[in-house]
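Topology and contacts: notes
Each chain, letter by letter, is given below.
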Amino acid sequence: QVQLVESGGGLVQAGGSLRLSCAASGRTFGSYGMGWFRQAPGKEREFVAAIAWSGGSTHYGDSVKGRFTISRDNAKNTVYLQMNSLKPEDTAVYYCAADPDTYGSSDDDYDYWGQGTQVTVSS
């Protein structure tokens, strides 16, 4: 069982940066694939980024490639999402997710979810 708590969201101007954190409970965090997803009002949940248990492999949604970076610190049971060059269309609730078997791009791939953190980008 893994519990996830996101933090770091807030209001930022277009072109700015934010770093989200997702703190995980559980001694087996280091063996889980981790993902970030987001959901804007009236839209479906969208894949943002994912990282393998070792941190050695990552992949990104097309809309954030080159601007966002996912990383993890297994010693701190934390996964991060560095978001640069933010745009108003990045406004959404951002969720982290964990799974023991995969680090896929579908929300069906993940068993555990955090409560989300709001990111608002003003123009």
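Going by the structure above, here's the rest.
Quick notes on the rules
Residues numbered from 1 in each chain as written. Predicted model: local features only at pLDDT ≥ 70, side-chain atom pairs only at ≥ 80, totals over all residues. Heavy atoms only, no water. Core = buried A, V, L, I, M, F, W, Y, C linked by side-chain atoms within 4.5 Å. Buried < 20%, exposed > 50% of the residue type's maximum accessible area, 1.4 Å probe, protein only. Helix = DSSP H or I, 4+ residues; strand = E, 2+ residues; numbered from the N terminus. Contact = heavy atoms within 4.5 Å. Salt bridge = Lys/Arg side-chain N within 4 Å of Asp/Glu carboxyl O. Pairing = 2+ DSSP bridges. Axes fitted to C-alpha atoms, helices over the stretch in contact; angles between N-to-C directions. Polar contact = N/O pair within 3.5 Å; in protein donor to acceptor, adjacent residues only side chain to side chain.

**So, the nonpolar core**
One finds Leu4, Met34, Trp36, Leu81, Met83 and Tyr94 to be the most contacted residues of the largest nonpolar core, which totals 29 residues. Mapped onto this core, the elements with two or more residues apiece are strand S3 (18-24), strand S4 (33-39), strand S5 (46-51), strand S7 (68-73), strand S8 (78-83), strand S9 (92-99) and strand S11 (117-122). Residues contacting tyrosine 94, with those up to four places away along its chain left out, are Glu6, Leu20, Trp36, Phe37, Arg38, Val48, Phe68, Leu81, Met83, Gly116, Thr117 and Val119. Judged by nonpolar contacts, the second largest core, of five residues, contains Phe47, Ala50, Ala97 and Tyr110.

**What to know about the pattern of salt bridges**
All chains considered together, the criterion is met by five salt bridges. Between aspartate 90 and arginine 38 there is a salt bridge, and its shortest N-O distance comes to 2.8 Å. Of this pair, aspartate 90 sits in the loop between S8 and S9 while arginine 38 sits in strand S4, and the two are 52 residues apart along the sequence. Taken individually, aspartate 90 and arginine 38 each receive the classification buried, so the pair is uniform in this respect. With its nearest N and O atoms 3.4 Å apart, the salt bridge here joins aspartate 107 to arginine 45. Pair noted here: aspartate 107 is in the loop between S9 and strand S10 (112-113) and arginine 45 is in the loop between S4 and S5, with a separation of 62 residues, a long-range link. Take arginine 45: its relative accessible area is 32%, and that puts it in the partly exposed class. When salt bridges with common partners are traced through the structure, they connect Arg38, Glu46, Arg67 and Asp90 into a single cluster.

**Examining the sheet that holds strand S1 (residues 4-7)**
The sheet built from four strands is open, its strands ordered S1-S3-S8-S7 with antiparallel pairing. Unpaired on one side and paired on the other, S1 and S7 mark the two borders of the sheet. Sheet twist, expressed as the mean angle between neighbouring strand axes with direction ignored, is 15°. Both S1 and S3 contribute to a ladder of four bridges, which runs antiparallel.

**Observations regarding the side chain of threonine 78**
Note that threonine 78 resides in strand S8. Here the side chain of threonine 78 touches lysine 76 through a polar contact of 2.8 Å, landing on its backbone oxygen. Filtering out sequence-adjacent residues up to four positions away, threonine 78 remains in contact with Ser21, Cys22, Ala23, Phe29, Arg72 and Asp73.

**Here's the deal with the pairing of S11**
Only one face of S11 is covered, namely the face carrying Thr117, Val119 and Val121; the face carrying Gln118, Thr120 and Ser122 is uncovered. In this structure, strand S2 (residues 10-13) lies alongside S11, joined through four bridges in parallel fashion. Considered in S11, the bridge of leucine 11 is made with threonine 120. Relative to S11, S9 runs antiparallel, the two being bridged by three bridges. The residue of S11 that forms the bridge with valine 93 is glutamine 118.

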